[in-house]
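# Residue-level structural notes
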Amino acid sequence: MMTLYSVRISPFGRKIKVLLKELGLEDQVEVVAANTLEDPDFLLESNPLGKIPVLKTPDHGDISNSSLIARYLLEKSGAGAAVSGDWQALKLEALCDGALEAALLLVYRGRFEMTGGDVFFERQRDKVIRSLDRLEDMAPSFTTDGAPSIGEIGVVVLAEYLAFREPVGDWRQGRPQLSAFVDLVSQRPSFQATQPAG
């Protein structure tokens, strides 16, 4: 049995939970809530950065960083895994992860009432907007028949996090193809079961 440290509203943790369901591995993982603002000892012991998600594994110890956890789970599932982790999927995953990191900084600015740094935070907003525009251009090539790739999982997680927290306003405006993709794929049971809340 593996253990995943995460919280329901974490988009990076959600990416892993969706992946677990798509791979049929959710019954092999116990999810344990880890509030990063409290720096629980069990989390810091696994990841001194105090960040989630972290996956405790029987063969490779504690793995932090969602992209590394995804890589581990895809390798564990073998060559016939339902979810693609090829180079195109990994590049798409990296784009979505970068946009999520920028979006999180914008959310934290409001949540912790941070002042100053206007230029820095405007650059974070620009990163998210540029990423969304690129995803709109790419959307016609995304898979809508069968399991999404690890990158396409990242697309939906990013879009629904932006809708949940609204750090850049309405992400759908001017992006009909991306919106249509998200609307369709987000109906899969793996996404419906892991909706953010809080």
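First, a word on scope: everything that follows refers to the structure included in this document.

The rules we used
- Residues numbered from 1 in each chain as written.
- Predicted model: local features only at pLDDT ≥ 70, side-chain atom pairs only at ≥ 80, totals over all residues.
- Heavy atoms only, no water.
- Pairing = 2+ DSSP bridges.
- Helix = DSSP H or I, 4+ residues; strand = E, 2+ residues; numbered from the N terminus.
- Axes fitted to C-alpha atoms, helices over the stretch in contact; angles between N-to-C directions.
- Contact = heavy atoms within 4.5 Å.
- Salt bridge = Lys/Arg side-chain N within 4 Å of Asp/Glu carboxyl O.
- Left-handed = near helix turned anticlockwise from the far one by under 90°.

Further remarks concern the pairing of strand 3 (residues 54-57). One ladder, built from 3 bridges, connects strand 1 (residues 2-6) with strand 3; its direction is antiparallel. Each bridged residue has a counterpart across the sheet, and for Y5 the counterpart in strand 3 is V54.

Further remarks concern the sheet that holds strand 1. Consider a sheet: its strands pair through backbone hydrogen bonds, and that pairing is either parallel or antiparallel. Here 4 strands make up an open sheet; going across it, the order is 2-1-3-4 and the pairing mixed. Bordering the open sheet on either side are strand 2 (29-33) and strand 4 (61-64), each of which pairs with just one other strand. When strand polarity is set aside, the average angle formed by the axes of neighbouring strands in this sheet is 20°. In this structure, strand 1 lies alongside strand 2, joined through 5 bridges in parallel fashion. For L4, the partnering residue across the bridge sits in strand 2 and is V31. Strands in contact with helix 1 (residues 11-23) are strand 1 and strand 2; relative to strand 1, the strand with the most contacts, it is inclined by about 145°.

With that out of the way, let us pick up the pattern of salt bridges. Within this structure, the stated rule accounts for 9 salt bridges. Residue D62 pairs with K56 through a salt bridge whose shortest N-O separation is 3.1 Å. Between D133 and R175 there is a salt bridge; the shortest N-O distance is 3.0 Å. Taken together, the residues span a long stretch of sequence, with D133 in helix 5 (residues 118-138) and R175 in the loop between helix 6 (150-165) and helix 7 (176-185) at a distance of 42 residues. Salt bridges sharing common partners tie together K15, E93 and D97.

Right, let's talk about the packing of helix 4 (residues 87-111) against helix 5 for a bit. The contact between helix 4 and helix 5 brings their axes to 9 Å, and the two run at 145°. The interaxial crossing formed by helix 4 with helix 5 has left-handed handedness. Along its contact with helix 4, which presents L92, L95, C96, A99, A102, A103, L105, L106 and R109, the element helix 5 presents D118, F120, F121, Q124, R125, K127, V128, S131, R134, L135 and M138.

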